[in-house]
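Chain residues, written in single-letter form:
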Amino acid sequence: MSHSDDVPGRARVGDTDELTAYYDRLGEHDAGALWTVANDIEPWYPQPKSVPVHWSYERLRPLVLESLDLVKADDAGRRVVMLVNPGRKDVSAAVGMLYTGLQIMGPGESMTAHRHQAAALRFVVEGQGAWTVVDGQKLAVGPGDFAITPNWTWHEHGNEGTDAPVIWQDGLDIPLVNAHDAGFYEVHPALHQEPGKIVNSSLLTHGAGTLRPYGFDDGWTKPYSPLLAYPWERSYAALLDAAKATEGSPYDGVMLEYSNPLTGGSVMPTMGAHLQLLRAGEATRAHRHTGSVVYNVAKGRGHSVIAGRRFDWKQGDIFCVPSWAWHEHANDDTGDDAVLFSFNDFPVMRSLAFWREESHPDNDGHQPAA
Ligand code: GTQ
């Protein structure tokens, strides 16, 4: 297929004084000529404004810690250093329609409850003692744990640790919600929820994965997972088990999706999340797909080649893959595995029938050397 626009079937009208005057007159009526923009608004293939970005945790962490003394958590609403894609500053997106940030809570801190149309998820990076109350349920989370705050659920966070701050990564679909002019926000009328007494009750009820509640708690009709927290230990153990039995995917290594245990589907309607293991020394092949991904290096060190650029990463680092960008990952440690956490907008791509995927055709499945 030709990607030149100067072909039959593509708009190829040159400017003349007569046409320019005509466009001006259309503009006066809040109208325009499609052929002046057709090739831009209907590209041959996706043209993301987002670029691949790597955020070094080592370099960002001191700045995140600095915010502890600069603003009170509750004055800020949430004390978060957001990660902004240079091509998406206008919508505060990390990549595509996804927002991400590093939230820090000092020992003993807590914040008020609110809810919003945007759905949120958390991946804990460091610190003991973090909790969040989601629709009246208290979740206790530690490093490597993944938790969800589905849209319009009340939530408030805190750190009941005594000596060290907690830093977790937030992922939200804020840009998506705003692109659809669908944003709502409410502060809890009592400022705080009254949590039930059982901590992590969704994990106790729904955390067995293949064993489902029978005859109780089975009237769940909400469009998101009844399981709100996914602890690191179980998730990592599941990866190690799967790695004993399968080679995994040529593009992603051994990758598991955090799923709604009642449906097997994504945890929320707008965002999905994965945990993937790259064996010692493993390098994947390149592929590309619609949909954007934000990664957090949960364990190990390695590099990814994204749209032809090489990014070296280690634990705590965050990086993103824009839609339709070629990407491949490598574990550069030959003695230990590497684990990547990631979240994405694949559920949106799939439910709107936008999903496309292809493998790299050249160089044995790799991008040209970066
Ligand atoms: O935890 O409620 O990073 O509402 C951005 C917006 C976190 C939250 C963010 C939010 C939150």
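Each remark here, short or long, concerns the structure printed above.
Residues numbered from 1 in each chain as written. Predicted model: local features only at pLDDT ≥ 70, side-chain atom pairs only at ≥ 80, totals over all residues. Heavy atoms only, no water.

**Q** Explanation requested: the site of the ligand in the structure shown.
**A** Within the structure, the ligand sits among R78, V80, Y99, Q103, H114, H116, R122, H155, H157, D170 and L172. Between the ligand and the protein, one listed contact pairs an oxygen atom with a side-chain N or O atom of Y99 at 2.8 Å. At 2.9 Å from an oxygen atom of the ligand is found a side-chain nitrogen or oxygen belonging to H155. In the complex, the protein chains occlude 90% of the 290 Å² of accessible area that the ligand would expose alone. Those elements giving two or more residues to the shell around the ligand turn out to be strand 3 (99–105), strand 4 (114–116), strand 9 (155–159) and strand 10 (166–172). (Near = heavy atom within 4 Å. Polar contact = N/O pair within 3.5 Å; in protein donor to acceptor, adjacent residues only side chain to side chain. Areas by Shrake-Rupley, 256 points an atom, 1.4 Å probe, with all protein chains shown as cover. Helix = DSSP H or I, 4+ residues; strand = E, 2+ residues; numbered from the N terminus.)

**Q** Mind showing me how you'd approach the environment of A147 here?
**A** With respect to the element layout, A147 can be found in strand 8 (residues 146–149). Among the residues examined, A147 registers a relative accessible area of 4% and is labelled buried. Setting aside anything within four residues of it in sequence, one finds A147 in contact with L121, R122, L139, V141, L228 and A229. (Buried < 20%, exposed > 50% of the residue type's maximum accessible area, 1.4 Å probe, protein only. Contact = heavy atoms within 4.5 Å.)

**Q** What is the right way to read the packing of aromatic side chains from this model?
**A** By convention here, two paired aromatic rings are described through the distance between centres and the angle between planes. This structure, assessed with the given rule, holds 13 aromatic pairs. Site record: aromatic cluster; members linked through ring pairs are F123, F146, Y230, Y258 and F341. Against the face of W355 rests R350, its NZ or CZ located 4.2 Å from the ring centre. (Phe/Tyr/Trp six-rings, centres within 6.5 Å; stacked < 30°, edge-to-face > 60°. Lys NZ or Arg CZ within 6 Å of the ring centre and 35° of its normal.)

**Q** Sorry, what's going on with the pattern of salt bridges here?
**A** A side chain with one charge may pair with a side chain of the opposite charge, provided their charged atoms come close. As enumerated under the stated definition, the model contains 14 salt bridges in all. Put simply, R79 and E109 hold a salt bridge, and the shortest N to O gap is 2.6 Å. Of the two residues, R79 is situated in the loop between helix 4 (73–76) and strand 2 (80–82) and E109 in the loop between strand 3 and strand 4; the sequence distance between them amounts to 30 residues. Beyond isolated ion pairs, a larger network of salt bridges with shared partners links K299, D336 and D337. (Salt bridge = Lys/Arg side-chain N within 4 Å of Asp/Glu carboxyl O.)

**Q** So what exactly am I meant to see when it comes to the pairing of strand 16 (residues 293–299) here?
**A** The two faces of the sheet receive side chains in turn, since in a regular strand these alternate between them. Most of strand 16 is tucked away, with seven of its seven residues classed as buried. Note: strand 16 against strand 19 (residues 318–321), four bridges, orientation antiparallel. Directly across from V293, in strand 19, lies its bridge partner V321. Relative to strand 21 (residues 338–344), strand 16 is paired through six bridges, and the arrangement is antiparallel. Paired with N296 across the strands is F341, a residue of strand 21. (Pairing = 2+ DSSP bridges.)

**Q** How do you make sense of the nonpolar core when you look at a structure like this?
**A** The tendency in soluble globular proteins is for nonpolar side chains to be buried side by side. Within the largest apolar cluster, 54 residues are counted, with the highest numbers of intra-cluster contacts made by F146 and F341. With residues up to four places along the chain from it excluded, the contact list for F146 reads L121, R122, F123, L228, A229, Y230, Y258, V267, A273 and F341. Ranked by size, the runner-up nonpolar core spans 13 residues in total, among them V293, F311, A338 and L340. (Core = buried A, V, L, I, M, F, W, Y, C linked by side-chain atoms within 4.5 Å.)

**Q** Before we go on, may I ask you to explain the sheet that holds strand 21 in this structure?
**A** Strand pairing in a sheet relies on backbone hydrogen bonds. The paired strands run either parallel or antiparallel. Spatially, six strands are ordered 1-19-16-21-14-13 in an open sheet, and the strand pairing comes out antiparallel. Each end of this open sheet is capped by a strand with a single partner; those strands are strand 1 (54–55) and strand 13 (254–257). The sheet strands contacting helix 7 (residues 232–245) are strand 13, strand 14 (272–278), strand 16 and strand 21, and the helix crosses strand 14 at an angle near 55 degrees. (Axes fitted to C-alpha atoms, helices over the stretch in contact; angles between N-to-C directions.)

**Q** For this particular structure, what's the right way to read the side chain of S225?
**A** Tracing the chain through its elements places S225 in the loop between helix 6 (201–206) and strand 12 (229–230). The exposure class of S225 is buried, given its relative accessible area of 0%. For S225, the side chain forms a polar contact with the main-chain oxygen of L227, separated by 2.9 Å. Setting aside chain neighbours within four positions, we find S225 in contact with I148, W220, Y230, S259, N260, P261 and V267.

**Q** How should I be thinking about the sheet that holds strand 10 in this particular structure?
**A** Here we have six strands laid out as an open sheet, ordered 2-3-10-5-8-12, and antiparallel in their pairing. The open sheet terminates on both sides in strands that have one partner only, identified here as strand 2 and strand 12. Direction of pairing for strand 2 relative to strand 3: antiparallel, over a ladder of three bridges. Paired with M82 across the bridge in strand 3 is G101. Docked against the sheet, helix 3 (residues 57–70) engages strand 2, strand 3, strand 5 (120–126) and strand 10, running at close to 55 degrees with respect to strand 3.

**Q** What is the right way to look at the pairing of strand 7 (residues 137–141) in this model?
**A** Only one face of strand 7 is buried: it carries Q137, L139 and V141, and the other face, with K138 and A140, is open. Where strand 6 (residues 130–134) lies against strand 7, five bridges are found, and the strand directions are antiparallel. The partner of A130 across the bridge, within strand 7, is V141. With antiparallel pairing between neighbouring strands as the criterion, strand 6 and strand 7 make up a hairpin whose turn holds two residues, including D135 at a positive phi of roughly 45 degrees.

**Q** Quick question: what am I supposed to make of helix 7 here?
**A** For an α-helix, the turn length of 3.6 residues means that residues three or four places apart are oriented alike. Between its first and last C-alpha atoms helix 7 spans 20 Å; for 14 residues at 1.5 Å apiece the expected length is 20 Å, and the two agree. Three or more residues of helix 7 are buried, namely W232, S235, Y236, L239 and A242. Take helix 7 and look down its axis: the buried residues cluster within an arc of 120 degrees, on one side only. Exposed and facing more than 90 degrees away from the buried side of helix 7 are E233, K244 and A245. Where helix 7 is buried, its residues contact strand 12, strand 13, strand 14, strand 16 and strand 21. (Expected span 1.5 Å × (residues − 1). Arc of directions from axis to C-beta.)

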